[in-house]
Amino acid sequence: VTGGVRGFIYEIDAPLDAKGRPPGVPGAIVTIGVPDGVARSTVTDANGEYFFANLLPNTYTISARRDGFLPDPRTPSLSRNSQVSVFLTRETVVE
């Protein structure tokens, strides 16, 4: 039996939206580390949401990246049929 993992990629330092959440980061590449060593990736939609389907029971790691943002320093572990949010910080240029 397989399951899935869904979640959101948020911009941590941005003002909160009407639901009290930071805005989503569209176009972020989200990578899930699977137990057999083969990683799978997807891209967030316009709201910063992602979904991985057809995952076997196990523990996974997840990360996200997008140009102009620093990665979340955490590497959350999760199991199938769960939801996880990853937070990105907008990169600042110091001159």
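See the structure shown above.
Residues numbered from 1 in each chain as written. Predicted model: local features only at pLDDT ≥ 70, side-chain atom pairs only at ≥ 80, totals over all residues. Heavy atoms only, no water.

Of note in this structure, Asn54 is not a glycine but carries a positive phi near 55°. Within the secondary structure layout, Asn54 lies in strand β4 (residues 49-55). Take Asn54: its relative accessible area is 59%, and that puts it in the exposed class. (Helix = DSSP H or I, 4+ residues; strand = E, 2+ residues; numbered from the N terminus. Buried < 20%, exposed > 50% of the residue type's maximum accessible area, 1.4 Å probe, protein only.)

Counted according to the given criterion, the structure contains 2 aromatic pairs. Between Phe8 and Tyr10, the aromatic rings sit 5.7 Å apart at their centres with planes inclined by 20°, giving stacked as the arrangement. You'll find Phe8 and Tyr10 in the same group, each marked buried. Stacked on the ring of Phe8, the Lys or Arg Arg21 has its end atom at 5.1 Å from the ring centre. (Phe/Tyr/Trp six-rings, centres within 6.5 Å; stacked < 30°, edge-to-face > 60°. Lys NZ or Arg CZ within 6 Å of the ring centre and 35° of its normal.)

Interpretation note: all reported values are geometric properties and have no functional meaning in isolation.
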